[in-house]
Amino acid sequence: MRIHDGEGEKRRDYYLSYEDGVLNVELEADDEDYTWNTYDAEGEITNEEFSDRLVKLGYDSLICCAYLYDDVKTAYGNRGHTADARKVLEDFVSGKADAVEFVEGICEAPEQGFVKRNFAEVNEEVTAGEPWWEGMEYVDFDNDGEDELIIHGYAGARLYFDVVGDTVYKVLETGSAANVSYVAKMDEKRVVVRTDLTHGGRKCYWVMTYDGCGCLTDWFELSVRYEGEDYGAGSSYEYRDRPISMKEFEAIRDSIE
């Protein structure tokens, strides 16, 4: 996953792996004085090596904000850009424009590295060609004051799209059964909630807060694991990797509206 911190024009991105309940920082990047500085756990590395490592780690579908412009300076210059995001998304839906699926490589002209798809292709795939699964909605899931696009698909699948500048790109894709997602409200903010509620012995909620760049600013897991048909006083409850009580679990779960 990618998260970030930083104030003003100082920003640092962290690329994390999650395994056996532990988050590890694999790569880092920051933008300072219009320069993209890249690091691994041992120190600074070249931008090219960083990009190669992203692919090997499976992060190649993540899109750094600056990739959508000619350079970091231009990206910062467009931070206050007020494009009609709804119209840009509607142009994608109507077939007038394509969306960035992922960045295949870092090129001198950024768009040369983009893999794009049109709405018809995306919709056909996510619905498995079955029209009755089709659906979409416009909702502000990243709290930037503008509506984003969510395309509904087969058995609860969801695709989340946002706009940077005048470019549409895919932020998130979720499936069905053990990976059902929806937009909710928590602490007066919109969040994207991924759930696994269909398997026996566990109920899991992954709650994600995005910003207007499509980056995660917060992420946590709320879960219970149990034996038998349902959880109870003797079950194992966790929130942000720490044990909690059944009462705390239910209070946090119920606060996700």
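Computed from a predicted structure; not experimentally measured.

(A) Here's a closer look at the overall build of the protein chain. Regarding its fold elements, the protein chain presents five helices and 17 strands. Here the protein chain, with 257 residues, has 44% of them falling under the buried criterion. Accessible surface computed for the protein chain: about 13,700 Å², of which carbon and sulfur atoms make up 45%.

(B) The arrangement of the confidence of the model for the protein chain in detail. Confidence along the protein chain averages 81 in pLDDT terms, with 75% of residues attaining 70 or more. When the elements of the protein chain are averaged for pLDDT, helix α2 (residues 72-77) gives the smallest value, 52, and helix α5 (residues 246-255) the largest, 98.

(C) Up close: a nonpolar patch on the surface. On the surface, Trp-132, Trp-133 and Tyr-154 cluster together to form a nonpolar patch covering roughly 390 Å² of accessible area. Note on placement: Trp-133 falls in the loop between α4 (119-126) and β8 (135-139).

(D) Region of interest: the nonpolar core. Counting residues in hydrophobic clusters, the biggest one holds 17 residues, and the most contacted among them are Met-186, Val-193, Val-207, Leu-222, Ile-244 and Phe-249. For this core, the secondary structure elements donating two or more residues are β12 (180-186), β13 (189-196), β14 (202-210), β15 (216-225), β16 (236-239) and α5. Element by element, the count of residues in this core is highest for β15, at three residues. The residues contacting Met-186, other than those within four sequence positions of it, are Val-191, Val-207, Phe-220, Ile-252, Ser-255 and Ile-256. Phe-92, Ile-151, Val-163 and Val-168 belong to the second largest nonpolar core, which has 15 residues in total.

(E) Broad picture of unusual backbone geometry. In the Ramachandran plot, Ala-128 falls in the positive-phi region, its phi being about 55° despite a non-glycine side chain. Checked against the element boundaries, Ala-128 lands in the loop between α4 and β8. The exposure class of Ala-128 is partly exposed, given its relative accessible area of 47%. The backbone of Asp-187 shows a phi angle near 55°, a positive value even though the residue is not glycine. Its location among the elements puts Asp-187 in the loop between β12 and β13. Overall, Asp-187 belongs to the exposed group, its relative accessible area being 67%.

(F) Representation of the pattern of salt bridges in the model. Applying the stated criterion across every chain yields a total of eleven salt bridges. Across the salt bridge formed by Glu-125 and Arg-117, the nearest N and O atoms sit 3.0 Å from each other. Close ionic contact of Glu-173 with Lys-170 constitutes a salt bridge, the shortest N to O distance being 2.9 Å. The exposure class assigned to Glu-173 is partly exposed, which follows from its relative accessible area of 43%.

(G) Structural context of the packing of aromatic side chains. One pass over the full model with this rule turns up ten aromatic pairs. Between Phe-92 and Phe-119 the ring centres are 5.7 Å apart and the planes differ by 85°, which places this aromatic pair in the edge-to-face class. Placement of the pair is Phe-92 in helix α3 (residues 85-93) and Phe-119 in helix α4, with a sequence separation of 27 residues. The exposure class assigned to Phe-119 is buried, which follows from its relative accessible area of 15%. An angle of 90° between the planes, with centres 5.3 Å apart, marks the rings of Phe-141 and Tyr-160 as edge-to-face. Of this pair, Phe-141 sits in the loop between β8 and β9 (148-152) while Tyr-160 sits in strand β10 (residues 158-164); the two residues are 19 residues apart in sequence, bridging distant segments of the chain. With respect to class, Phe-141 is no different from Tyr-160; both count as buried. The structure contains a cluster of three or more aromatic residues connected by ring pairs, namely Tyr-226, Tyr-231, Tyr-237 and Phe-249. Its guanidinium or amino end placed over the ring of Tyr-138, Arg-86 lies 3.8 Å from that ring's centre, counting from NZ or CZ.

(H) Here's a closer look at α4. Looking at α4, one finds that the buried residues are Phe-119, Val-122, Asn-123 and Val-126. Taken down its axis, α4 places every buried residue within 95° of arc, on the same side. Exposed and facing more than 90 degrees away from the buried side of α4 are Ala-120 and Glu-124. Packing partners of the buried residues in α4 comprise α3, β7 (114-117), β8, β9 and β10. If you check the start of α4, you find a side-chain oxygen 3.2 Å away from the backbone N of Ala-120, and it comes from Asn-118.

(I) Highlighting the pairing of β16. The two faces of β16 differ: Tyr-237 and Tyr-239 on one face are buried, but Ser-236 and Glu-238 on the other face are not. The loop that links β16 with its antiparallel partner strand β17 (residues 242-244) comprises two residues; one of these, Arg-240, has a positive phi angle of about 50°.

The rules behind the values
- Residues numbered from 1 in each chain as written.
- Predicted model: local features only at pLDDT ≥ 70, side-chain atom pairs only at ≥ 80, totals over all residues.
- Heavy atoms only, no water.
- Helix = DSSP H or I, 4+ residues; strand = E, 2+ residues; numbered from the N terminus.
- Buried < 20%, exposed > 50% of the residue type's maximum accessible area, 1.4 Å probe, protein only.
- Areas by Shrake-Rupley, 256 points an atom, 1.4 Å probe, with all protein chains shown as cover.
- pLDDT = per-residue confidence, 0-100.
- Patch = residues over 30% accessible without salt bridge, like charges linked within 9 Å, V, L, I, M, F, W, Y side chains within 5 Å.
- Salt bridge = Lys/Arg side-chain N within 4 Å of Asp/Glu carboxyl O.
- Core = buried A, V, L, I, M, F, W, Y, C linked by side-chain atoms within 4.5 Å.
- Contact = heavy atoms within 4.5 Å.
- Phe/Tyr/Trp six-rings, centres within 6.5 Å; stacked < 30°, edge-to-face > 60°.
- Lys NZ or Arg CZ within 6 Å of the ring centre and 35° of its normal.
- Arc of directions from axis to C-beta.
- Polar contact = N/O pair within 3.5 Å; in protein donor to acceptor, adjacent residues only side chain to side chain.
- Pairing = 2+ DSSP bridges.

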